[in-house]
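# Examining the three-dimensional arrangement
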Amino acid sequence: MNATVALAKRCFLCYFRDRSSVVFSLMAVIIVVMLYLLFLRNTMVASYPDIPGMEGLIDAWVLAGILGIVPATTCAGSLTTMIEDRAVGRDRDLLVSPLKGWQVSLGYVLSTFAVGIAMSLITLVICVAYLAATGCPMTASGIALAAVLTVPSSLSAAIIMYTLCSFLRSMGAFSGLFAVVSVLIGFLCGIYMPMGTMPSAMQVVGTLVPASHFAALFRDSLASGALDSAFAGSSAEALADFRAELGFDLSLGGFEFDAATMLAYALAVTAVFFVVAAIRIRR
């Protein structure tokens, strides 16, 4: 087990020593921030002229959404070391060592999981600091819940991204997968455009993605104070419509997800990917 931890530590350090890998793994986040500052913020605030405090609410909404995609992109970026090991044949050295196949895979997953948590917590601190500086209403319980959510979201992203990358053996294939993930994740999680404004088929696909459920959970925790403040004098119907349109609440085929079922669904999909990964490790 010590060798597995040592392998995880090595992959973890390789990720943070390669600054370009860190930057590119955050490319989706950078794109979201730039689009939000240049286009989305003023447009979305102007769409709700009668609701007070919409600036803070929209800020909390987009930052919470970013917390939902950071684990996916950073976990994908951290797996660069695994793909490089395969591309140059370094993985054969590991396989002829006393380490078993599942221990090698566990080392990669642990390092990816650790990277996801570290980057998620760093992003959370930055988001909370920004919202506090702009005067956005927040609750201590909401911030604490967001911090706790970084664990299952990072675990889910680590297992799913590892399973997908287990089919790849070249840096070219990995670069293609990483580019697709970086571009699509923002759309599927309803960040580039609100979930309720997307076509029905796109909403279904987005709801099937576990990261969308974690993004909704982050929104419900981090933006709950701003949401309650903005809709304090509004009707329950107006609040429900807003939550559905902005992706606070998700539904699929008429089934409405609550917080518990969102988390259960995301973990169930993760378990399926875990089984696939386990079968590949045995083979």
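Along every chain, residues carry numbers that run from 1 in the direction the sequence is written. This being a predicted model, a pLDDT of at least 70 is required before a residue's local features are given, and a value of 80 or more before pairs of side-chain atoms are given or counted; all residues contribute to the totals for chains, interfaces and linings. Excluding hydrogens and water, the side-chain values take into account all heavy atoms of the structure.

This paragraph deals with the overall build of the chain. Each helix corresponds to a stretch of at least 4 residues labelled H or I by DSSP, and each strand to a stretch of at least 2 residues labelled E; elements are numbered beginning at the N terminus. Looking only at helices and strands, the chain has 14 helices and two strands in total. Taking 2.2 N^0.38 as the reference for a compact globule, 283 residues should give roughly 19 Å; the C-alpha atoms of the chain span a radius of gyration of 20 Å, in line with that estimate. Here the C-alpha coordinates of the chain stretch approximately 65 × 40 × 35 Å along the principal axes. Looking at the chain as a whole, 48% of its 283 residues are labelled buried. Accessible surface is estimated by sampling points in the Shrake-Rupley manner with a 1.4 Å probe; for residues, cover comes only from the protein chains shown. Carbon and sulfur atoms provide 69% of the accessible area of the chain, an area that totals close to 13,000 Å². Charge separation in the chain, taken as the distance between the mean sites of 15 positive and 16 negative side-chain charges, equals 22 Å. As defined in this context, the radius of gyration uses C-alpha atoms, and a globule is described by 2.2 Å times the residue total to the power 0.38. Partly exposed describes any residue whose relative accessible area lies between the buried limit of under 20% and the exposed limit of over 50%, with all areas from a 1.4 Å probe on protein chains only and scaled to the type maximum. When charges are counted, Lys and Arg contribute as positive and Asp and Glu as negative, whereas His and the chain ends are disregarded. One atom stands in for each charge, and that atom is NZ of Lys, CZ of Arg, CG of Asp or CD of Glu.

Attention now moves to the pattern of salt bridges. For salt bridges, the criterion is a side-chain nitrogen of Lys or Arg within 4 Å of an Asp or Glu carboxyl oxygen. Counted by the stated rule, this structure contains two salt bridges. Between Arg243 and Asp220 there is a salt bridge; the shortest N-O distance is 3.0 Å. In this pair, Arg243 is assigned in helix α13 (residues 236-245) and Asp220 in helix α11 (residues 210-222), connecting sequence segments 23 residues apart. What makes Asp220 partly exposed here is its relative accessible area of 32%. Of the charged contacts, one joins Asp249 and Arg243 as a salt bridge, the two residues approaching to 2.9 Å between their closest N and O atoms. By relative accessible area, Asp249 is classed as partly exposed at 26%. Given the relative accessible area of 15%, Arg243 is considered buried.

This part takes up the nonpolar core. With 59 residues, the main nonpolar core has Met54, Leu57, Phe242 and Phe248 as its most contacted residues. Elements that contribute at least two residues to this core include exactly α3 (27-46), α4 (54-78), α7 (101-133), α8 (140-165), α9 (171-188), α11, α12 (224-230) and α14 (259-282). It is α4 that contributes the most residues to this core, 13 residues altogether. Should any heavy atoms of two residues lie within 4.5 Å, those residues are counted as being in contact. The contacts of Phe248, once residues within four sequence positions are left out, are Leu57, Trp61, Ala216, Arg219, Asp220, Ala223, Leu227, Phe242, Arg243 and Met262. Core analysis: the second largest hydrophobic core is formed by 21 residues, Cys75, Ile83, Phe174 and Val181 among them. Working definition of a nonpolar core: buried Ala, Val, Leu, Ile, Met, Phe, Trp, Tyr and Cys residues. They are joined through side-chain atoms within 4.5 Å.

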